[in-house]
Amino acid sequence: MVAGRGYAGGLSRLGVIGQPFDPSFNDVTSALEMLAHMGLSNPSQELRNGVAVSLVHSSYLYENRERLPGVTQGLLNALNRLGGEFIHRLATIETYRGQAAPTSASISRGVAQIISTLPSWAAKEGWLRNSAALGRGAEMEGLSGRSAAQLCRQLIGVLALAGEGAVAARMVTKFISIVSTKQLDNVDDPKTVLQEHLPGGLPEIQYFRDGPDHDTAFQAVIKDSRGRRGIGTGKSKKLASQQAALDFLQKYYPAAIVSRNRTATQDRESAVRRPLEIQHPRRHALLVERVQKLFELPQAARPLLSQALIHASWAYENKSSISAANQQDNQALARIGSIALSYEHVLATVQGLITDPPEEISLLTISNDVYNEAFRQVGLSSGLLLGIGQASLAIPIDMGSNTFQALIAAIYVAKGFPSTLAECWPREWQPIWSLIAQREPSLDPTTLLQRATAAMKMETAYDFLMAGPDHQGRFKATIALYSPTLNVRTALSAEEVMAGGKTKAKHNAALPILEVLEKLADERPALSMAGCSESERSLARFLLAHQFSVLTTPPAPIQRWINAKFFGLHLASSPKNLLKWALEVDQLLGLRINLQPNNYLRDAFKGALDKSDTSTDVLGSLLIHTLDTLEQVDEPEDISSGTLMQLVQLCNVYRCLGTEDPNISLSDLITDWSFLYHRRLRIKNPTPELEVSGRERAVLDAALTAALDHGETTEVEVLSFRPFHLRFHINTPIKESSLEQLCALWSTVSKTTRMTTAARSIDVIIEQFDLPAEPGPVTQAVINALTPRPEQYPGAVADLLHDLKNQLVAARSAASQTAENRTARLQRQLTASRHLDQAHALALRLRATRSMLRPAGNESLELGTFLRQYAASVLTRLPSAISLSVPESKSVVRVPMDGRAFTAILDNLIGNAIEALPDGGSITLDWTADDYEAAVEIADNGPGIPPEVLAAFRSGERIRSTKPGGNGLGLFGVRALLSLVGGQLTPVAANTGTAWLITLPITEETES
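Because the structure is a prediction, the values reported are computed rather than measured. (Residues numbered from 1 in each chain as written. Predicted model: local features only at pLDDT ≥ 70, side-chain atom pairs only at ≥ 80, totals over all residues. Heavy atoms only, no water.)

Visitor: Help me understand the sheet that holds strand β17 (residues 921-929), please; the structure alone is not making it clear to me.
Guide: Within a sheet, neighbouring strands are paired by backbone hydrogen bonds and run either parallel or antiparallel to one another. A sheet is described by the order of its strands in space; here 5 strands give the open sequence β15-β17-β18-β20-β19, paired in mixed fashion. Because the sheet does not close on itself, it has two edges, and the strands there are β15 (882-885) and β19 (984-987). With direction set aside, neighbouring strand axes in the sheet form an average angle of 15°. The pairing of β15 with β17 spans 4 bridges and is parallel. For Ile 882, the partnering residue across the bridge sits in β17 and is Gly 921. Here helix α41 (residues 970-979) sits on the sheet and contacts β19 and β20 (994-1001); the angle it forms with β19, its principal contact strand, is near 135°. (Pairing = 2+ DSSP bridges. Helix = DSSP H or I, 4+ residues; strand = E, 2+ residues; numbered from the N terminus. Axes fitted to C-alpha atoms, helices over the stretch in contact; angles between N-to-C directions. Contact = heavy atoms within 4.5 Å.)

Printed below as a string of structure tokens:
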């Protein structure tokens, strides 16, 4: 399990909270007595100090800062948040335990009801009133329920930090029991329960009668030997005594009520059949087994782990399997997991800031992007059960996030709800824990806004107005936002602050802007902004217009904006959600701003879509696997038909990606099929009026061909219209594995089309969207990004694959020919060997190219150092008649590029420059950078770029080269490789020679 989460070197668990303070500032004797009753025996002086600080109200801190050095309002807010998360977690556990068939909605209702009781309960607790440190004004008004609840949460936060979670849990259970009594009312005989828990049995009950004979009321008082009392009233002595016993239990034995309710629930659960593990498909069962072993869980945990991997779409489509296994989807578990993980995150964050707490903090929740990244890193997609329609689409961020949280909840429940997940976290998942439980303190609003505006390329400035005397100055901040791309400025004024000076005033001014940015990041931004004021909506339009203008001016900082959730780029994992967002943004912008999209905006959305699309990984992996197989072929006779078929399919897919075929109506396509396969094809039901793109037709053609390859006849059936779902029935049983590779290949050609397979069918699902007749500029840019365009580099790969296949066929053909004599036999072997050697050479070229064009990861390099080292290596092989300038180191700038890939890019451009200087000359390699991007220029004083090459490059036409050797990259390969990281290659006008400009975004860890 993960180690190293303690406090080394004797560092205090409580930081400044546990330091010695003036003991006269707060008498917490009553609170310590209550905690002793909850099981806190002999607390250390450090913890006593922490308890005293936790019961400080913000009004007291404001009036007595000198008595509490190091304690800030930010610290109290952090303790309040941590205590709230602790209560939320425990309320969730008790609600889950208390329901026989919990759902996400029922858990939320139960938790909300429990948490709502905290203020009324806390306001009645005498120990809290006696121990609270209140300001003069609050002292006069008395301790309100809201303030009492805040102090209670602060105390629980300190106990959680001190490792006294069990004591805090007993405190929480005390008021949970009140709600448990109201919710379940399962304590049928409170006197019997009380008798079981009192050492000397049930004491004598005193009764008091009140009211006239016709309306008599009784009051019962239970008092034990320690003077503890329970009081109840009722129409009879029996009812009054039951209520008195309940009152006694709630005050002194709340766990007894919760335990009795839990037992009643378990009795109900025992009458319900236990859930079973979903055994099929095999990949699901294998993932369940892997997680079970990793976390050392018992066999009985497997059904719950299985439930964590059941999406609602699969549960809906497989109701009989769900019913047979007594299972449900993972939504309830996802709810539990989100709360458990949120507590871990807040705990780690507060642990990181208590040694030097800031005056203001903004404790943010973990975004779905983080949980989705965890989902991807641990490989949960392989075992996630999805419905057919949902499986045809990429897994969106929220689905990956929910699945990871559900799995953690299943582990959490199976482990018996440990006080912290750190106790059972395996070392193999240490990187995931680092994502969840980072100890870095959250940033203040001013810093958050500074980072956001820097990423947006927006300028900010603050002005202040001061009122009142110097010692009681009141500040009001105005923030000015300037968009250089629009040349527009706007200003916002915040409310006046009484304390905290200019810093607090700046925070107040920054918060509204951050809140609007958060609303604009929602997948329904217009809905999120619906209740906002006109000034907020005006700010939203300004921010959107600025972001629009930045993305229409290259280069686009795609990854940085995805991380910051700007302009919908973070929603690209789901084309449907991205389009929904774009429609609402156009609605927000309206007709007030004339914005014209261009190809740069389209390319920005396409770049985000490509980054979230894992299908290119599938295509590249299948290509590398095929090349691996070919490298093992030493004799032409060993070339299999299966390998040749794989090459044909790969070639067809790459050819599809590199060409643009016209659209066709579905009815015309069916007519073509009926003509070609009229005796082998049957159309089961009428086809809808639908136009399919060239790529969608290619997928449908491939599915039909595969179906006919596996059976004598095929029946085509339309299963649904939205999404359009076409099924090709096969009349003979097939192995799903035999078609899985084909389906994976053809699912890569379009972001809205997927091919899947079942026992006797092949399915094609084409996602469709409801779009307006005249889309707005943002929606149109997203539509253009989703519309497939021919890509030059896949076309070149298709040519190489075609040549490779021809060489292999020729080698096998030559080897299979009969020879009349020894000389003919040797000639045949030589011919076959030459073809095989040519095939191996093509395979090596494909491998080198593909390895460089793999999807971008987290690699980065320091630009200045890399360019100096690269220039030094070029100088060793440069012809003596050619000079090369070595770039200076201007600053420390990191760019998101792998060293090998960048070397290939520069080799291509430098190599072209060397070839252009047969009689000698000079080559210049230089670079510069600003806050947002780096630019590298490669120039020579040769004859310049041939006009036909420049025209082809600008138009997107293929540039065929007969030049021997090289790395197989070419100018389009360079451009494709740069586009993977949001970079660009641009020809630069020059008086003489050739100049190319490479632009790259800088990574966020760049030092200024």
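Having seen it, we continue.
Visitor: Looking at this model, I keep getting lost on the pairing of β20. Mind explaining?
Guide: Here is the key point about a regular strand: its side chains alternate between the two faces of the sheet. Of all 8 residues that make up β20, 7 are buried, and the element is covered over most of its length. Of the pairings in the sheet, the one linking strand β18 (residues 933-940) to β20 comprises 8 bridges and is antiparallel in character. Opposite Val 936, over in β20, you have Ile 998 as the bridge partner. Judged from the 4 bridges that link them, β19 and β20 form a sheet pairing that is antiparallel. (Buried < 20%, exposed > 50% of the residue type's maximum accessible area, 1.4 Å probe, protein only.)

Visitor: Teacher, can you tell me more about the side chain of Ser 549 here?
Guide: Looking at where Ser 549 falls in the secondary structure, it is placed in helix α26 (residues 534-551). At a separation of 2.5 Å, a polar atom in the side chain of Ser 549 contacts the side chain of Thr 485. Once residues within four sequence positions are removed from consideration, Ser 549 is found in contact with Ser 483, Thr 485 and Leu 486. (Polar contact = N/O pair within 3.5 Å; in protein donor to acceptor, adjacent residues only side chain to side chain.)

Visitor: Would you mind showing me how to read the nonpolar core here?
Guide: Counting 115 residues, the largest nonpolar core has Leu 35, Met 171, Phe 404, Trp 425 and Trp 429 as the members making the most contacts within it. Within the second largest apolar cluster, 62 residues are counted, among which are Leu 627, Leu 630, Trp 673 and Leu 846. (Core = buried A, V, L, I, M, F, W, Y, C linked by side-chain atoms within 4.5 Å.)

Visitor: Is there a simple way to think about the sheet that holds strand β13 (residues 761-766) in this case?
Guide: If you walk across this open sheet you meet the 5 strands as β8-β10-β11-β13-β12, and the pairing is mixed. The open sheet has two edge strands, β8 (681-683) and β12 (753-758), and neither has a second partner. Strand-to-strand twist of the sheet, defined as the mean angle between neighbouring strand axes without regard to direction, takes the value 20°. Pairing between strand β10 (residues 714-721) and strand β11 (residues 724-730): 7 bridges, direction antiparallel. Residue Thr 714 lies in a different strand from β11, and its bridge partner there is Ile 730. Against the sheet, helix α32 (residues 666-676) contacts β8 and β11, and its axis sits at roughly 150° relative to β8. Each of β8, β10, β11, β12 and β13 touches helix α33 (residues 694-710); the most contacted strand, β13, lies at about 175° to it.

Visitor: Hey, could you run me through the environment of Leu 909 in this one?
Guide: With respect to the helices and strands, Leu 909 occurs in helix α39 (residues 899-915). The exposure class assigned to Leu 909 is buried, which follows from its relative accessible area of 3%. Sequence separation between Leu 909 and Val 974 is 65 residues, and the spatial gap between their C-alpha atoms is 8.8 Å. Ignoring sequence-local partners within four residues, the contact set of Leu 909 consists of Ile 938, Leu 971, Leu 985, Trp 996 and Ile 998.

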